[in-house]
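These are the residues of each chain, in order.
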Amino acid sequence: MTTTANVCDLCAAINKPHILETGDLPRSRTWQQSLVFLSDNANGKLLGHEQCAFWKLVWDGITSFHSNLDLSFNVSVRRDDLEHGTGPLVVTVQQLNRPDLQFYTPVGAGRSPWEAIGRGYSISPFGLSESCTRLMRGWLEECTASQGKHSQCTAPILPYLPSRVIDVELLHLHCAQPGEKAHYVALSHCWGGQSPIQTTMQNLDAHIAGLPPLPQTFADAVAVTKALGTRYLWIDSLCIVQNSPEDWHAEVTKMAEVYENAFFTISADAAASATDGFLRPPSRSFTPETPIPYTSMCGNSSTTTTTTSFLASGTILVRERGTQALMLPFHSPVPPPPTPTQPSTRPLPRLIPISKLSTRGWVFQERVLAPRTLHFSRSETAWECPSLCTCECSATSARNHLRTSLLKDFFTTAAGVSPPRSRQRPPPDERWRREIVQEYSRLDLTVPTDRLVALGGLAARMARLRGGGDEYLAGLWRGTLGRDLLWYCVHEREKDKDKAGGRI
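One numbering rule holds for all chains: residues counted from 1, following each sequence as written. Note on the predicted model: pLDDT of at least 70 is required for a residue's local features to be given, and 80 or more for side-chain atom pairs to be given and counted; whole-chain, interface and lining totals, by contrast, use all residues. Side-chain metrics rest on all non-hydrogen atoms present in the structure, leaving aside hydrogens and water.

J.: What exactly am I supposed to notice about the nonpolar core here?
T.: A general feature of soluble globular proteins is that nonpolar side chains tend to end up buried together. Core analysis: the biggest nonpolar cluster contains 69 residues, and Val224, Leu233, Trp234, Phe264, Ile266 and Phe278 have the highest contact counts within it. The element best represented in this core is helix α3 (residues 130–144), accounting for five residues. Whether two residues are in contact is decided by their heavy atoms: any pair within 4.5 Å suffices. Apart from the residues within four sequence positions on either side, Phe278 is in contact with Thr217, Asp220, Ala221, Val224, Ile266, Ala268, Ala270, Ala271, Ser283, Arg284 and Phe376. Residues belong to a common nonpolar core when they are buried Ala, Val, Leu, Ile, Met, Phe, Trp, Tyr or Cys residues joined through side-chain atoms within 4.5 Å. The buried label applies to any residue whose accessible area, calculated with a 1.4 Å probe on protein chains only, is under 20% of its type's maximum; exposed applies above 50%, and partly exposed to all values in between. Grouped together as the second largest cluster of nonpolar side chains are 23 residues, Ile14, Val93, Ile117 and Tyr294 included. Counting from the N terminus, the helices are DSSP H or I runs at least four residues long and the strands are E runs at least two residues long.

Shown next as structure tokens:
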């Protein structure tokens, strides 16, 4: 066992090993400590605790990101005790409205001399780097096998292919034969106005023979599909004949089924249009980690009374913590305003990344129905399934199994699958009002008359859960009509108030 000698009593308590609770899942306990730093800004020095190597490391990490701090400031230090080590140490400077900092050593590298500073994945500027691809494969394999943290997930069935899919190996539009089954990936994306490439009656035969060069968002989706070992990809603008009303109406009625049966869905959060892409800068952008060198007197102790002291030196990496996993349990980036009878209970992360995709109405049922979603945001890649919301910056923390999607587990728990005690949910009809209608009604639609059409897939799924004994009435249900009608508008913006003509 390695211990650090030049650490004050307070920091020694933060780094003390703790015993985990036992249970079906590896539970973690969060240990939090508030530290008060006194700084000499004129000379850039830390006052007090100068001899504590851990205290100095935290100070050096904070000041590498934040300069001109007040002479006195509070820092919250949090660590997670895991079954097999720890994830990154999380540090919050209370006076700053900035993301938390993470202190960690890279996965695959040696351990730090401090128990509280564990390992973390380095975030690559390229969304299909070796580390990103390995992490995504791990998420996908564990989820489809219902292993580890994925107790709420089920193994995917081999589905019927949609009418048309893109063959990512041969790059052409593949027309599915009757009864043809295969796994496929679906893309959820922003058109950004007019899609630069569409399938029409005029070019359908040409697309079946071979697709022209694809815009960057589509090309990135092809690359992800191939990297994760799937042959087919579904993209709405290419797999639906856009200028055929007959084909459009026939395929739109199947869209909910397309996302529900997809092996996984690619959510191109970082791309505002089909031409932006989501795997490379400038769409993918993040603050690089900062290396902080350290020197600490350590000791190796064994079962004997002999302790060997030595001077250890190395580097700890510090970065701003991503907030993608904090956003994923919800669809829209901003919580709904509190009401007189229902104060807002949604945790509001600071500086949440805004995704244009998360403001779109059609995307809502795509997210809810898709069993597994890979989110490619501006700052990192994230994963969402009924059991788990996680991301690159938090992939080594066991606490993530407590952060679940309030959207994807809707039909899992509503269908009678009992969640763990920490995830008990209200009855399905109440969740429909609070988690479906409330979220969805805040989203944007290019065509206002699509409001009910874009919710049709969720309504059909909900009707099946209600056993066919209830009647769907344009967002309401006959069996709970009285409660469903107890709603009112909360206008967040004046233009919404003017548009609606006052409170209903």
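J.: Sorry if this is basic, but what is going on with helix α5 (residues 216–227) here?
T.: Residue pairs three or four apart in sequence face the same way in an α-helix, which turns once every 3.6 residues. For α5, with 12 residues, the first-to-last C-alpha span of 16 Å sits near the 16 Å given by 1.5 Å per residue. Those residues of α5 lying buried are Thr217, Phe218, Asp220, Ala221, Val222, Val224 and Thr225. Contacts from the buried residues of α5 go to β11 (184–188), β12 (232–234), α6 (236–239), β13 (264–267) and β16 (373–376). What a helix should span is 1.5 Å times the count of its residues minus one.

J.: I tried to follow the packing of aromatic side chains on my own but got confused; where do I start?
T.: Geometry of an aromatic ring pair is reported as the spacing of the ring centres plus the angle between the planes. Pairing of aromatic rings covers Phe, Tyr and Trp, the last through its six-membered ring, and needs centres within 6.5 Å; plane angles under 30 degrees mean stacked, over 60 mean edge-to-face, and all others mean tilted. This model, assessed by the stated rule, comprises 10 aromatic pairs. Summarising the aromatic geometry, the rings of Trp432 and Tyr472 are spaced 6.5 Å apart at their centres and angled 85 degrees between planes, so their arrangement reads as edge-to-face. Taken together, the residues span a long stretch of sequence, with Trp432 in helix α12 (residues 428–440) and Tyr472 in strand β19 (residues 472–473) at a distance of 40 residues. Residue Trp432 is classed as buried on the basis of its relative accessible area, which comes to 0%. Given the relative accessible area of 28%, Tyr472 is considered partly exposed. Aromatic side chains Trp432 and Trp477 sit 5.7 Å apart centroid to centroid with 80 degrees between the ring planes, which places their arrangement in the edge-to-face category. In this pair, Trp432 sits in helix α12 while Trp477 sits in strand β20 (residues 476–477), placing the two residues 45 residues apart along the sequence. Take Trp477: its relative accessible area is 0%, and that puts it in the buried class. Linked through ring pairs, Phe54, Trp114 and Tyr294 together constitute an aromatic cluster. Stacked on the ring of Tyr104, the Lys or Arg Arg319 has its end atom at 4.2 Å from the ring centre. For a lysine, the NZ atom is tested; for an arginine, the CZ atom; a charge sits over a ring if that atom is within 6 Å of the ring centre and within 35 degrees of the ring normal.

J.: Got a minute to help me understand the pairing of strand β6 (residues 89–93) in this structure?
T.: By the criterion of burial, β6 is predominantly enclosed, with five of the five residues buried. In β6, alternate side chains face the same way, and those of Leu89, Val91 and Val93 on one face and Val90 and Thr92 on the other are all buried. In short, DSSP must find at least two bridges between two strands for them to pair. In this structure, β6 lies alongside strand β7 (residues 101–106), joined through three bridges in antiparallel fashion. Bridge pairing in β7 links Val91 to Leu101.

Geometric descriptors of this kind do not, in isolation, establish any biological role.
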